[in-house]
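Now for the letters of each chain:
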Amino acid sequence: MIKGVLCAILVILCLSPLLAQEKIDLFGYYEAQYMGAKVKSNTYQLFTNKLRLDLKGQIADNITLAANINVLTYHGKTNWDVLEFLSDDIVSSIPEELRSLYVIPFENDIVLDNAYVRFRFKPFDLTVGKQQVSLGTGYVWNPTDVFNIKDPLDPTYEQPGHNALRGDVPLGSFHTATVLYSPEDNWRYSTKLLQFKGRMAHFDYYLIGVVRDWVFTDFTRFDAESMSFEATRERRQMLGASTAGELLGLGVWAEYAYNWMELSDDFYELVAGADYTFDFQTFVMVEYYRNTLGKSDYREYDLNDWMRYYAAEQKAISRDQLYAFAQHPVTDLLNLGLINITSFSDGSFAFVPTLFYSLSDNVEIYGYLNINFGKEGKAYSKSQGNGALIRVRVYF
Amino acid sequence: MITVSAFFLAGWLYCQELTGDEIIHKVNDTINMETSHTKSMMTIVTTSGSERTFTMETWSKGKGEKNLVRYLEPSRVKGQAVLMLNNADDIWMFFPRTQRVRKLATHAKKQKMQGSDFSYEDMGSGDAFIEDYDAQRLEDEMREGHDCFKLELTRKEGSDMSYSRLILWVIKDNFVPVIIDYYDDGDPSRLEKQLVQSDIRIIDGIPVAMKAVMFNKNDNTQTAMEFLEVKFNVELADSLFTERALKK
């Protein structure tokens, strides 16, 4: 941790001549977050401090350098036992001696989140390094995004950077071809992506093909030698399409991806959504999501389903879900909202009242309550407890 | 003396003869230059009396048909950018921290711009005065110390603009609208917002209101927009109004 902070200071010192010449901007934010949960009779609290330090500069006419470092510290309940959130019959299926392994730790960290250089040539842009890769038009779920999984309760939160070599070739004003290579141990395991973006009437559309290695962990089989759960690495080939535009005055979007898996069953994901802003400023949206990796009968949810969901190996545990969101600016500084997430597959649902307040030009407060209503064993079951989050972010 | 009197008489007769349609075309030509590049500051005065200030850089082409707005300050929104094409019928928004570009539907034009009393529609609707409204000239009036044409603009059938009608007071000397009243979408008798423009200067031979204040009659708030720098008829490539430039 101290070594990381020293590295960050060293990087800033090295860049200080450029900072002095105002070629590099230094900015970022500090974020304090409180997360609380009441699970059965237990109450837990986790406090997080995050400092994000960004630098961005125009090194030459056509060369941009950008990077950010995140420093994270956690306090309070820093080890979350996943088994506490699961139904008794799933927990009882796990041998007693393995039960201590199902823990998600929150560890203090300092990480070079993004660091890339972008060359802007006349016919194309080339971006090299650790960078954001945002794919798809979905708001909460993105079937074509094989790099990131969003948190449905916080879908606009920034995602981690990914090592990649990316080329964007503009083909006229409204069409772009994108080639991306994200290196792993060798060529075979590395991710290759090809995307074409076009425009038709008031619709943007994307056609995408990806080859990526995918890891499914078997959380029922523990390898004592490697001290980790056994995992299967397999090739995932995905073809997808997405679009966003306007229909009958509504904002609409759709996204579809079919995945051919080398070893496990093929699956597809589908998203369709719509939004609208009323004249009285209330914004409403709905997004439907189907993922055939998820199950349509909650009695079939097993330990692997839950753990893969919590470990972000798959985006949903149930097959069909609906996300609905309404937000209204109560005053010019305060927005109140309500999210409803419903699993059509098992009938469970959660309500999430949200609050966004602008405390000053560079200080904002975001918070939500997460209240589950489903029966035990379902995607949004009461037995998973209820939670609250409050986050204060100060930009500089 | 006779020549001067004849000149003023001709000017007076000219003003008398102008129809509502002709006046609104002249207003449109005055406020929408072929190209422009501006830096402006937006100050929101909230209901509690506190202020929020934003600075932004705007490029505009094709008499407001294409607009690119990039926020410079505060840090919270720095780098965020909005691209509006086809008189804001197509809107894209860029979020620098996620490098994500999101296509917005036209209903998003109704949303407040960064919580201000200006909507995206107010900021980038190009020649909406002509395309979306029918103009009718009313009796001339003095407003804010200026001799003004008074116009009523009524929304055309099928238009998706948010205001049912507008009343404009246009300075006769330079065709700058000094006041615009915006009326409710569903109730044409209810005043929703009022824009008051002031500090008119001649820049590159063009009269420009350097300050505009939008008063929100529903929320009792106001937002001031002030030009810090203005350049007209600058060379702007079409490539500036693309997703590639949006992400720059």
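Criteria and cut-off values
- Residues numbered from 1 in each chain as written.
- Chains lettered and ligands numbered in written order.
- Predicted model: local features only at pLDDT ≥ 70, side-chain atom pairs only at ≥ 80, totals over all residues.
- Helix = DSSP H or I, 4+ residues; strand = E, 2+ residues; numbered from the N terminus.
- Rg over C-alpha atoms; globule rule 2.2 N^0.38 Å.
- Buried ≥ 20, exposed ≤ 12 C-beta atoms within 10 Å, placed from the backbone.
- Contact = placed C-beta atoms within 7 Å.
- Nonpolar A, V, L, I, M, F, W, Y, C, P; charged D, E, K, R; others polar.
- pLDDT = per-residue confidence, 0-100.
- Core = buried A, V, L, I, M, F, W, Y, C linked by C-beta atoms within 7 Å.
- Pairing = 2+ DSSP bridges.
- Expected span 1.5 Å × (residues − 1).
- Arc of directions from axis to C-beta.

## Structural notes on the overall build of chain B
- Looking only at helices and strands, one finds 5 helices and 13 strands in chain B.
- Its C-alpha radius of gyration of 19 Å places chain B within 12% of the 18 Å reference for a compact globule of 248 residues.
- Based on the C-alpha atoms only, the size of chain B along its principal axes is roughly 65 × 40 × 35 Å.
- Relative to its full complement of 248 residues, chain B shows a buried share of 40%.
- Counting only contacts in chain B whose residues sit at least 6 apart along the sequence, the fraction spanning at least 24 positions is 46%.

## Observations concerning the overall build of chain A
- Secondary structure assignment for chain A yields 3 helices and 20 strands.
- A compact globule built from 396 residues would reach a C-alpha radius of gyration of about 21 Å, and chain A, at 22 Å, matches this within 12%.
- Projected onto its principal axes, the C-alpha positions of chain A cover 60 × 55 × 50 Å.
- Counting all 396 residues of chain A, 28% fall into the buried class.

## Comments concerning the environment of Arg52 of chain B
- Structurally, Arg52 of chain B can be placed in strand β2 (residues 51–61).
- The contact partners of Arg52 of chain B, leaving out residues within four places of it in the chain, are Ser358 and Asp361 of chain A together with Ile44, Thr46 and Gly115 of chain B.

## Concerning the interface of chain B and chain A
- On the side of chain A, 32 residues touch chain B, which itself brings 34 residues to the contact.
- For the side of chain B that touches chain A, the secondary-structure elements that each account for two or more residues are β2, β6 (100–104) and α5 (243–246) of chain B.
- With 3 residues, β6 of chain B is the single largest residue contributor to the side of chain B that touches chain A.
- Its residues assigned to classes, the side of chain B that touches chain A shows 5 nonpolar, 13 polar and 16 charged.

## Some points on the confidence of the model for chain B
Residues and elements named next belong to chain B.
- Chain-level statistics for chain B give a pLDDT mean of 88 and a share of 92% at 70 or above.
- Element-level pLDDT for chain B is lowest in helix α1 (residues 2–17), with a mean of 57, against a maximum mean of 96 in strand β9 (residues 165–171).
- Interface confidence for the predicted complex, given as ipTM, is 0.85, next to a pTM of 0.87.

## Quick notes on helix α3 (residues 303–310) of chain A
Residue and element names in this part refer to chain A.
- Listed as buried for α3 are Asp305, Trp306, Met307 and Tyr309.
- As for α3, its buried residues are in contact with α2 (88–92) and β11 (203–223).
- Phi for Ala312, located one or two positions after α3, is positive at around 60 degrees.

## Re the environment of Asp204 of chain B
Residues and elements named next belong to chain B.
- Mapped onto the fold, Asp204 is located in the loop between β11 (191–203) and β12 (206–216).
- Since 12 C-beta atoms lie within 10 Å of it, Asp204 is described here as exposed.
- Sequence-wise, Asp204 and Phe149 are 55 residues apart; in three dimensions their C-alpha atoms are separated by 24 Å.
- Apart from the residues within four sequence positions on either side, Asp204 is in contact with Phe232 and Asn233.

## Considering the nonpolar core
- Ranked by size, the top nonpolar core spans 57 residues in total, and within it Leu83, Ile91, Leu151, Leu153, Leu166 and Val170 of chain B carry the most contacts.
- Those residues within four positions of Val170 of chain B in sequence are excluded, and the remaining contacts are Ile23, Val27, Cys148, Phe149, Leu151, Phe175 and Pro177 of chain B.

## Things to note about the pairing of β2 of chain B
All names here are of chain B.
- Bridge analysis of strand β1 (residues 35–45) against β2 gives 11 bridges, and the strand direction is antiparallel. By the bridge assignment for β2, Met42 is matched with Phe54.
- Here 7 bridges tie β2 to strand β3 (residues 66–73), and the two strands are oriented antiparallel to one another. When the bridges of β3 are listed, Trp59 appears paired with Leu68.

## Some details on unusual backbone geometry
- Here the residue pair Glu73 of chain B and Pro74 of chain B is connected by a cis peptide bond, since its omega of 0 degrees sits within 30 degrees of zero.
- For Pro74 of chain B, the position within the fold is in the loop between β3 and β4 (81–85).
- Here the phi dihedral of Ala312 of chain A falls at roughly 60 degrees; this positive angle occurs in a residue that is not glycine.
- As for its position among the elements, Ala312 of chain A is in the loop between α3 and β16 (320–329).
- Among the residues examined, Ala312 of chain A registers 11 C-beta atoms within 10 Å and is labelled exposed.
- A positive phi is found at Asn86 of chain B, a non-glycine position, where the angle reads about 50 degrees.
- Mapped onto the fold, Asn86 of chain B is located in the loop between β4 and β5 (90–95).
- The exposure class assigned to Asn86 of chain B is partly exposed, which follows from the 13 C-beta atoms found within 10 Å.

## Digging into the pairing of β5 of chain B
Residue and element names in this part refer to chain B.
- Strand direction decides the pairing type here: β4 and β5, joined by 5 bridges, are antiparallel. Paired with Val82 across the bridge in β5 is Met93.
- Between β4 and the antiparallel strand that follows it, β5, lie 4 residues; Asn86 among them carries a positive phi value of about 50 degrees.
- Two strands pair when backbone bridges link them, and β5 and β6 are joined in this way by 5 bridges, in the antiparallel orientation. Considered in β6, the bridge of Met93 is made with Arg102.

## Let's talk about helix α2 (residues 20–31) of chain B
Residues and elements named next belong to chain B.
- Compared with an ideal rise of 1.5 Å per residue, which puts 12 residues at 16 Å, α2 spans 16 Å between its outermost C-alpha atoms and is within 8% of the ideal.
- Listed in full, the buried residues belonging to α2 are Ile23, Ile24, Val27 and Ile31. For α2, the angular spread of the buried residues around the axis is 95 degrees, confining them to a single face.
- Tucked inside the fold, the buried residues of α2 contact α4 (128–131), β7 (133–143), β8 (146–155), β9 and β10 (177–183).

## A closer look at the environment of Gln159 of chain A
- Along the polypeptide, Gln159 of chain A turns up in the loop between β7 (125–131) and β8 (162–170).
- On the basis of neighbour counts, which here come to 19 C-beta atoms within 10 Å, the residue Gln159 of chain A falls in the partly exposed class.
- Through-space distance from the C-alpha of Gln159 of chain A to that of Ile371 of chain A is 25 Å; in sequence the pair is 212 residues apart.
- The contacts of Gln159 of chain A, once residues within four sequence positions are left out, are Gln132 and Asn148 of chain A together with Thr98 of chain B.

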